[in-house]
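# Descriptive analysis of the structure
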Amino acid sequence: MYPVQELHEFLLEKAAQLTEEWYDSLDKSDPHGVYAATDSNAVELLKKQNYEFHLQFCQLFVQEESTFLSGFENWVIQIAKDEQHLSTPIHFIVREFFRTRDQYLHFIKEFVFSNKEKYSQEFIDLWNKKVINTIDKVVIWFMEEHHEFSVKRLQCQQEMINELSSPVITLNRHTGLLPLVGDIDTARAKLILEKTLKQCSEKRVDCLLIDLSGVIMIDTMVAQQLFHLVEALALIGVKTTLSGIRPEIAQTAVQLGLDFDQIIITSTLSRAIDSSKIG
């Protein structure tokens, strides 16, 4: 039997032991993330994922590198997009990859010791180097996939936040309310313009109350976007009332020379509602 085949079988037999020893030595004091899980189902899933890693990683010694990496792809992508791993600080995950690397180096040492003088130092160095280099490649590969899925998740969350942060609330048959809260950057301002026009058209709103009391500060570009929103609403037949304009926002509007002569402005939302004769 070839040396690499013997090593492969030795490590394959140790796969379950590798997982149990890894989990037992795991630092479970991390405040959050996949390694801090206490739920029995979550723990079993974590062990299963680790065990599957070993079953795949052992193939390193009996497969060509391209074949090995191709077979390893499913595991890397599955873990990279796993919700629990996405919620775990990346340095915690990298730490566990390196601890696993040390496990393999230790078991190679045990394998060599149990077969005294059977394998040359050249073989031993080659095996150790193969483990170290492959773990390094897997770590970089995993980090790339993890980053990609993290970015996608953040984008989805931001899109959801944007959707929820600019709702036109119907107050009666023809009157709607757009309460704006938080920071408004240029990107969000453009989205608000697009969504508001669409929602007013779909809901057949004739009068829209835009409340800015929850907006602390906007820059000149955003102030212009909001003014463009009012103009665009007028073009589709929607009368606009602004309420809750803070002094800082009013100052920005004045500096820009924006003309609010055709817009009803009230100090508070309650006054805007009263002026619209709602209720």
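The sections below set out a description of the structure shown in this document. Because the structure is predicted, anything quoted here is derived from the model rather than measured.

Across its full length, the chain holds 11 helices and 5 strands. The chain carries 27 positive and 40 negative side-chain charges, and their two centres are separated by 5 Å.

Next up on the list: the pattern of salt bridges. Within the structure shown, the criterion is met by 10 salt bridges. Taking the shortest distance from any N to any O, the salt bridge between aspartate 102 and arginine 101 comes out at 3.4 Å. Accessibility expressed as a relative area gives 41% for aspartate 102, which makes it partly exposed. Between glutamate 148 and lysine 152 there is a salt bridge whose closest N-O contact spans 3.3 Å. With a gap of 4 residues between them, glutamate 148 and lysine 152 both fall in helix H7 (residues 121–164), about one helical turn apart. For lysine 152, a relative accessible area of 40% corresponds to the partly exposed category. Each member of the salt-bridge network shares a partner with another, and the members are Arg95, Glu96 and Arg99.

A few words now on helix H6 (residues 90–114). Here H6 spans 37 Å end to end across 25 residues, near enough to the 36 Å set by a 1.5 Å rise per residue. Inspection of H6 places Phe92, Ile93, Val94, Glu96, Phe97, Thr100, Gln103, Tyr104, Phe107, Ile108, Phe111 and Val112 among the buried residues, and these make up the whole buried set.

A large share of strand S2 (residues 175–181) lies buried, amounting to 5 of its 7 residues. With 2 bridges joining them, strand S1 (residues 169–170) and S2 adopt antiparallel strand pairing. Bridge pairing in S2 links threonine 170 to glycine 176. In the sheet, S2 pairs with strand S3 (residues 207–214) via 6 bridges, with the strands oriented parallel. Bridge assignment links threonine 175 to a residue of S3, and that residue is cysteine 207.

Regarding helix H10 (residues 247–256), the residues found buried are Ile249, Thr252 and Ala253. The buried residues of H10 all sit within an arc of 100° when viewed along its axis, so they share a single face. The exposed residues of H10 that point more than 90 degrees off its buried face are Pro247, Gln251, Val254 and Gln255. Where H10 is buried, its residues touch helix H9 (220–235).

So, about empty space enclosed by the protein. Across all of its chains, the model carries 1 cavity of 30 Å³ or more by this definition. By volume, the largest cavity amounts to about 170 Å³. If you go around the largest cavity, you meet 13 residues; those closest to its centre are Trp22, Tyr35, Asn50, Trp75 and His85. Mapped onto the lining of the largest cavity, the elements with two or more residues apiece are helix H3 (40–57), helix H4 (65–80) and H6. Considering only residue class, the lining of the largest cavity consists of 8 nonpolar, 4 polar and 1 charged.

Counting buried residues in strand S4 (residues 239–243) gives 4 out of 5 residues, a clear majority hidden from the surface. When S3 meets S4, the two strands line up parallel, connected through 5 bridges. Paired with cysteine 207 across the bridge in S4 is lysine 239. Following the chain from S3 across H9 to the adjacent parallel S4, one finds a crossover that is right-handed. The sheet contact formed by S4 and strand S5 (residues 264–266) spans 3 bridges and is parallel. Bridged to threonine 241 within S5 is isoleucine 264.

Criteria and cut-off values
Residues numbered from 1 in each chain as written. Predicted model: local features only at pLDDT ≥ 70, side-chain atom pairs only at ≥ 80, totals over all residues. Heavy atoms only, no water. Helix = DSSP H or I, 4+ residues; strand = E, 2+ residues; numbered from the N terminus. Lys, Arg positive; Asp, Glu negative; His and termini not counted. Charge placed at Lys NZ, Arg CZ, Asp CG, Glu CD. Salt bridge = Lys/Arg side-chain N within 4 Å of Asp/Glu carboxyl O. Buried < 20%, exposed > 50% of the residue type's maximum accessible area, 1.4 Å probe, protein only. Expected span 1.5 Å × (residues − 1). Pairing = 2+ DSSP bridges. Arc of directions from axis to C-beta. Contact = heavy atoms within 4.5 Å. 1 Å grid on protein atoms, 1.4 Å probe; cavity = no way out; pocket = protein on both sides within 12 Å on 5 of 7 lines; lining within 4 Å. Points joined across faces, edges and corners; volume = space filled by probe spheres on them. Nonpolar A, V, L, I, M, F, W, Y, C, P; charged D, E, K, R; others polar. Right-handed = clockwise from strand over helix to strand, strands pointing away.

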